[in-house]
Amino acid sequence: MQIADAGFPYLSAILVSCLAGLLLIVAIPEERKALIRRVSAVFSGITLVLSVIVFCAYDKSQGGLQFVEKVMWIPSLGIQYFNAADGFNLPNLLLTGIVFFTGVLTMWELETRVKEYYALYFLLVLGVFGLFMSMDLFFIFVWYDVSLFPMYLLIAVWGHTRKEYGAMKLTLYLLAGSALILPAIVYLFTRSGLNTFDVVALMQPGVFSADVQKFAFPLLYLGFGILAGVWPFHTWSPVGHVAAPTGVSMVHAGVLMKIGAFGILRVGIFLCPLGWQYWAQLMALLAAVGIIYGALVGLRQTDLKYVIGYSSVSHMGVVGLGLSTVSVDGLNGAVFQMFSHGIMTALLFSSVGYIYDRTHTKMIPELGGLSRIMPVASAYFILAALAGMGVPGLANFWGELVVFIAAVKVYPVRGIVAVLALVVTALFMLRVVQKTFYGPENERHAHLPDVSFGLGVPRMILAFVLVLFGLYPALMFDVIQTASIPFMNGLPK
Amino acid sequence: MNWMSFAPELITLTSALWFLLLSMTARSDPKREHVAALVLSALGLAACLASVGAEGYCFAGAYKVDLFSQVFKVLLAAGLFLIVTLCGELSDIEERNRREFYVLLFVCTLAMMLLVGANHFLVVFISLELSSYSLYVLVALRRDRGLGLEAGIKYFLVGIFASGVMIFGLALLYGASGIAALDGMARVLPGIIHQPAVVIGLLLTLSGFFFKLAVFPFHFWAPDAYQGAANQVSAYIATASKVAAIGVLVRVIASAGDGGTYLVHVLAVLSVVSMTVGNLAAIAQQDLKRLLAYSTVAHAGYVLIGVLSMNPAGYSAAVFYAFALLVMKFTAFLVLVEVASDGGNLRVEELAGLHRRSPILALALMVSLFSLAGIPPTVGFTGKFLVFVAAMGEGHFTLVLIAMINVVISLYYYLLVIKAAYLLEPRQELPALRVSPPLKLLSGVLVIAMVAAGFFPNQIIRVAESAAKALL
C-alpha cells in the first residue's frame, strides 16, 4: 500500500474539533441551552466542512493512503497514533460528518439535560471518527468502545419505548462483540512477531499464515458483525433504534452500524484475506438470510421505527453480501451502500422524529393522511423511503445494484433470492408510505404544523446528498476504486 | 546498610508510634489528629518518592530494597495518603478510638511496605501477619459493634486458616530447597519446580497472598469484611491492601522461573473461577460495598492472568494493574464515603439522583466504574490490555477470551450502578451533597488521572517494566 505524506493534519483536526466542542459544552453552564446548541452546531459544522475538504482533496490519481499522521504512542508495544484516509474510509468520514451535523440540528428543540446530551453526542461521534480514520489496531479498538458507551446513557436518559432495556441490551451485545475483537487483535499482534499494531505493516503478505487467518477472521467477523447487524446477531439493533432519541437513532443506524461493517473490512478482510476467502460462503449465507429476514419482519411491523430498524437489518445485509463476494465490485458496492444507507436511514429517522415530536405517536395505524397535514415533512420521508426501495436516481440504487451484480455472478442462488427480497422491502416501504402519509387523515393531527425552514435544513442536506450521489455516483465510486482495485490486485491468487 | 533507603518505613513507623503515644493521652481532637495524619502520610509519600532509586539489602539480606519494592511502596504510601483524605468525617469510628484507628492504619501500611520488600520467608510471614492483624482490628473498630465484630471475626478466621496453610507451604519449600531467602530461592527453584512437593509448597505459600488478594477460594471473607467495616476501612482494604498482595505475589512467582506446567494450570483455573464467581455474584448485590467486594474477587482473577504468564511483560502488566486498581477502587470508594456521609452502608438504589446532587461525584463514579469494567480509554482498560498481551504471548488464548466474556458480565452490574446514579430519581427530593472543595478537586483530578493514564500510559508502563526488570 502506497503512503503519501501529510500536509495539514486534517484528520486530527476533525478529532480536535469534536473534542474542543465537547470540552466547550462541558464548560458552559447547564442553563445556557441556546449557547450550548449554537456551540454544538458550530463545532459539528466545522467537522462537516473538514470532512468535505478531506473527501474533495483526496488525490484520486495517486490513490493509496493520504493525509497520513503518525506518532509513536506506546513504543514497547509498537502502538502508534496512525491516521490516514483511503478510498474505503473517505466515504465513511464524509457520512459521519454529514450525519453528525444534521443530527445536531435535528435535536434543536431538545429541552431536557441539553448539556449532557450534546456532550455525550460529541463523545460518541469522536469515537466514530477516530475509528474510521485509524490505521492502528489498538486505536481502532479504543475508538470502537469510545463510540459505544455514550450510547448507553443517550438511549437510557433521552430515549423512549423501553429505553432502559434497549440501552442495556445494545451495550451488552456490542460489548460482547468487543469480547471477540480484542482477543483476536491481541492474537494477531502476538502471532505477527512484528511487535506492531500497524494495519499497513500487518497486512503485508506472508505476515500471517493461512491457519492464523482462518482462525482469526471469524472472530473479527462476528465481533464487528454484531455491530453491523449481521443476522442472527442483529436483535439489539431494532430495539436500540426504537428506544433511541431521534438524533441518536440517526447516528446509531446511520453511522454506528457502519463501524461494524467497516471493522470487518479494515481489520478482518485487510489482515486476514485468506480467512475472508475461506469464510466467504458462510458470510454470503448470513447476509442473504439477513436481507430476507429483515424485509419479512419489517413487513409485519406497526411501529414506524421498528419498520426502519428491520429495514436496516435488511440493508446492512446488502453490505455483508457485497463484502462476501471477494470481488472489486462487491467491495465497491458494499462501501457505497454503507454511505447511502447511512444518509437514507438518517433522513428516515429524522423525519420520523419530527412526526413523533408533533403527533406523539409512531404507530402506523394511528397516523394517516400526513402528506396533506405536513407535506414537506412527508416529502422527506417519502424520498428516503424511495431511496430505501432502490429507486434509480437516488444513492441507494447504485450500491444495491453493484452488490447484486457481483453477488449473482459469484453466488447465483443466494444472490437471486436476495434480489427478490428487495421486492418485499419495496412492498413494506410502500405500505408504510401509503398508510402513514396517504389515506384518511387522523383528526387529532389535523392542526399540526409542517416542518419549518429552520428544522427542515438538516433534512434538506440529507435529501440533497441522496440525490447528488444518486445522479452522480462516479463521485463516490471513483474514490472507492482507488482502494478496492489495488487491494484486490494485491491479494494472493 | 543505607538508612536513607529505609526512610519510608521509618517515617511510617514513627507516625504509628506518634499516634500510639497520642492514644495514651486523655484528650482527643479529631480534627487535629486528621491533619496530623494527613501531614505524616504526605511525608511518607514524599520519602517513598525520594527513595525510588534506592537499592540494597538490609538486616543481613532479609530485606531487599530495589525498584520493584520502591514502586510498590510509592503506591502504598499514595494509597494511605488518599485514604486519610477520606477520614475527615470518621463518623463510623468512635471518637475515643480515632487515634488507635490511625495507629493501625500506619502499622498496616508499614507491614505492607515490609511485605513487598521482604526477602526472607520469615519477613514475608511476619509482615503479612502484622498487616492482617491490623486489618482484623480495623474492621472490628466500627461503631456498629455487631456488624463490625462479626465481619472482623469472619475475616480473622479465614485469615488464620490461610496463614496456617501458608506457613506449611513455606516449610515445604524450605524443606525441598534448604533456602529461606527469596533471591536464593529464585536461583534454585527453576531447577526443582517440577517436584510435586515444591509445586504444592509454592501453591500453599501463595494461598496466603491469595487470601489477601481475595482470589477464589480464599475470597469468602471479602464481601462480609467490606460490608461490616467502616467505609474508610473498606476503601483501605480494597486499595492499598490489594496493591501489597499483588506486589508480594509477583515477587514470589517471579522466583519460580517458568513455573512449570502444573503451577500455570492451577493459576489459570483459579483465575477463571475467581473472575467468573466474582462477576456472577456481584450481579445479585444491592449493597454497594458487597458489590465492590465481589468485583475485587473478579479483578484478582484478571491480575492472575498477568502473573501466570510468568514473563516480564506479565509482571509489568501486574504492576500496572496494581496502580490501576488503586486509582479506580479509591475513586469508587471516595464517592461511596461522600454519599454515605452518615457512615452507613450504601445501597445501589440510594445513588438515585446523584447526577443532580453532585455532578462531579456522579462523573467520578461513572468513570471509575467504566474503568473497573475495562472500557477504553481508561486506566482499567490499559491494565487489562497489557495483561492480555502478556498472556497471549504465552499462548493463553482461551484464558483471554474467558476474561473478555467476564468483562461483558461485569459491565452489566457496573451499568446498573451507573443507571442508579444517572437515571433513577430519588423517592423524595434530596438536597445537594455538600462535598468539600478539596474533595471536589480530588475527584476531578482522579477522573482526569484515570482517563489520562488510560490514554497516555507510556510513562507508567515504562516504570512498571523497569520495576519488573528489577525482579529478574
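Residues numbered from 1 in each chain as written. Chains lettered and ligands numbered in written order. Predicted model: local features only at pLDDT ≥ 70, side-chain atom pairs only at ≥ 80, totals over all residues. Heavy atoms only, no water.

- UniProt annotates chain B as NADH-quinone oxidoreductase subunit N 2 originating from Syntrophobacter fumaroxidans.

- Under an unreviewed UniProt entry, the name given to chain A is Proton-translocating NADH-quinone oxidoreductase, chain M, and the source organism is Syntrophobacter fumaroxidans.
- The UniProt entry for chain A carries the following text under Sequence similarities (unreviewed entry): "Belongs to the complex I subunit 4 family." (UniProt positions renumbered as here; feature names shortened; annotations may be inferred.)

### Considering the overall build of chain A
1) Next: For chain A, the helix and strand inventory stands at 19 helices and 2 strands.
2) Next: Against the globule reference of 23 Å for 493 residues, chain A gives a C-alpha radius of gyration of 21 Å, in line with a compact fold.
3) Next: Within chain A, the fraction of its 493 residues that count as buried is 68%.
4) Next: Put simply, chain A shows about 15100 Å² of open surface, and 68% of that area lies on carbon and sulfur atoms.
5) Next: Averaging the positions of the 27 positive and the 23 negative side-chain charges in chain A gives two centres separated by 6 Å. (Helix = DSSP H or I, 4+ residues; strand = E, 2+ residues; numbered from the N terminus. Rg over C-alpha atoms; globule rule 2.2 N^0.38 Å. Buried < 20%, exposed > 50% of the residue type's maximum accessible area, 1.4 Å probe, protein only. Areas by Shrake-Rupley, 256 points an atom, 1.4 Å probe, with all protein chains shown as cover. Lys, Arg positive; Asp, Glu negative; His and termini not counted. Charge placed at Lys NZ, Arg CZ, Asp CG, Glu CD.)

### Quick look at the side chain of Ser 314 of chain A
1) Next: Structurally, the position occupied by Ser 314 of chain A is in helix 12 (residues 304-324).
2) Next: Using a relative accessible area of 1% as the deciding quantity, one classes Ser 314 of chain A as buried.

### Quick notes on the UniProt feature "domain: NADH:quinone oxidoreductase/Mrp antiporter transmembrane" (unreviewed entry) in chain A
1) Next: What UniProt calls "domain: NADH:quinone oxidoreductase/Mrp antiporter transmembrane" (unreviewed entry) maps, in this numbering, to residues 134-423 of chain A.
2) Next: Here residues 134-423 of chain A is 81% helix and 0% strand, with 38 Å between the C-alpha atoms at its ends.

### So, the side chain of Thr 205 of chain B
Residue and element names in this part refer to chain B.
1) Next: Assignment of secondary structure puts Thr 205 in helix 8 (residues 196-213).
2) Next: By relative accessible area, Thr 205 is classed as buried at 2%.
3) Next: Not counting the four nearest positions on each side in its chain, Thr 205 is found in contact with Met 166, Gly 169, Leu 170 and Leu 173. (Contact = heavy atoms within 4.5 Å.)

### Looking at the pattern of salt bridges
1) Next: The final tally for this structure, using the stated rule, is 20 salt bridges over all chains.
2) Next: Two residues, Glu 116 of chain A and Arg 113 of chain A, come together in a salt bridge whose shortest N-O distance is 3.1 Å.
3) Next: For Arg 347 of chain B, the salt bridge is made with Glu 349 of chain B, and the minimal N-O distance between the two is 3.7 Å.
4) Next: Classification of Arg 347 of chain B by relative accessible area gives partly exposed; the value is 36%.
5) Next: Taken together, the shared-partner salt bridges connect Glu 150, Lys 154, Asp 224 and Arg 290 of chain B into one network. (Salt bridge = Lys/Arg side-chain N within 4 Å of Asp/Glu carboxyl O.)

### Remarks on the nonpolar core
1) Next: One finds Phe 88, Leu 271, Phe 381 and Phe 487 of chain A together with Phe 101, Leu 206 and Phe 385 of chain B to be the most contacted residues of the largest nonpolar core, which totals 383 residues.
2) Next: In terms of residue count, helix 14 (residues 312-339) of chain B provides more of this core than any other element does, 20 residues in total.
3) Next: Filtering out sequence-adjacent residues up to four positions away, Leu 206 of chain B remains in contact with Leu 249, Val 252, Ile 253, Leu 263 and Leu 267 of chain B.
4) Next: In this structure, Ala 287, Ile 291, Tyr 411 and Ala 418 of chain A belong to the second largest nonpolar core, which totals 13 residues. (Core = buried A, V, L, I, M, F, W, Y, C linked by side-chain atoms within 4.5 Å.)

### A look at the interface of chain B and chain A
1) Next: Across the contact, 34 residues belong to chain B and 38 residues belong to chain A.
2) Next: Across the interface of chain B and chain A, roughly 3100 Å² is buried in total on both sides, 84% from carbon and sulfur atoms.
3) Next: Our count for the contact surface shared by chain B and chain A stands at 1 salt bridge.
4) Next: Among the ionic pairs, Glu 164 of chain A bridges to Lys 419 of chain B, the shortest N-O distance being 3.2 Å.
5) Next: Between the two partners, chain B and chain A, sit 6 residue pairs in polar contact (both at pLDDT 80 or more).
6) Next: Listing elements by their share of the side of chain B that touches chain A, those giving two or more residues are helix 16 (359-373), helix 17 (379-393), helix 18 (397-422) and helix 20 (458-471) of chain B.
7) Next: A total of 14 residues in the side of chain B that touches chain A trace back to one element, the largest contributor, which is helix 18 of chain B.
8) Next: A breakdown of the residues in the side of chain B that touches chain A according to their chemical character gives 29 nonpolar, 3 polar and 2 charged. (Buried area = accessible area lost by both parts, 1.4 Å probe. Polar contact = N/O pair within 3.5 Å; in protein donor to acceptor, adjacent residues only side chain to side chain. Nonpolar A, V, L, I, M, F, W, Y, C, P; charged D, E, K, R; others polar.)

### Observations concerning the pairing of strand 2 (residues 79-85) of chain A
All names here are of chain A.
1) Next: Summarising burial for strand 2: 7 of the 7 residues are buried, a large majority.
2) Next: Neither face of strand 2 is left uncovered, since the one carrying Ile 79, Tyr 81, Asn 83 and Ala 85 and the one carrying Gln 80, Phe 82 and Ala 84 both have all their residues buried.
3) Next: Relative to strand 2, strand 1 (residues 66-74) runs antiparallel, the two sharing 6 bridges. Bridge pairing links Glu 69 to Asn 83 in strand 2. (Pairing = 2+ DSSP bridges.)

### Here's the deal with the environment of Ile 264 of chain A
All names here are of chain A.
1) Next: Mapping Ile 264 onto the fold places it in helix 10 (residues 246-271).
2) Next: A residue is classified by how much of its surface remains accessible, and Ile 264, at 3% relative accessible area, is buried.
3) Next: When the C-alpha positions of Ile 264 and Phe 224 are compared, they lie 5.9 Å apart, and in sequence the two are 40 residues distant.
4) Next: Those residues in contact with Ile 264, other than ones at most four positions away along the chain, are Tyr 221, Phe 224, Gly 225, Ile 269 and Leu 323.

### Here's the deal with the packing of aromatic side chains
All names here are of chain A.
1) Next: Counted by the stated rule, this structure contains 64 aromatic pairs over all chains.
2) Next: Pairing Trp 231 with Tyr 293 gives two aromatic rings, centres 6.4 Å apart and planes at 50°, and the pair type is tilted. With Trp 231 in the loop between helix 8 (210-228) and helix 9 (236-243) and Tyr 293 in helix 11 (residues 273-299), this residue pair connects regions lying 62 residues apart in the sequence.
3) Next: The partly exposed category is assigned to Trp 231, whose relative accessible area is 26%.
4) Next: Taking NZ or CZ as reference, Lys 70 lies 4.6 Å from the ring centre of Phe 82, over its face. (Phe/Tyr/Trp six-rings, centres within 6.5 Å; stacked < 30°, edge-to-face > 60°. Lys NZ or Arg CZ within 6 Å of the ring centre and 35° of its normal.)

### Here's the deal with the confidence of the model for chain A
1) Next: Mean pLDDT over chain A: 87, with 99% of residues reaching 70 or higher.
2) Next: No element of chain A has a lower mean pLDDT than helix 14 (residues 370-373) of chain A, which averages 78, and none a higher one than helix 2 (residues 33-57) of chain A, which averages 93. (pLDDT = per-residue confidence, 0-100.)

### Topic: the environment of Thr 246 of chain A
Residues and elements named next belong to chain A.
1) Next: Counting through the fold element by element, Thr 246 comes out in helix 10.
2) Next: Judged by its relative accessible area of 7%, Thr 246 falls in the buried class.
3) Next: A C-alpha to C-alpha distance of 31 Å links Thr 246 and Ala 84, two positions 162 residues apart in sequence.

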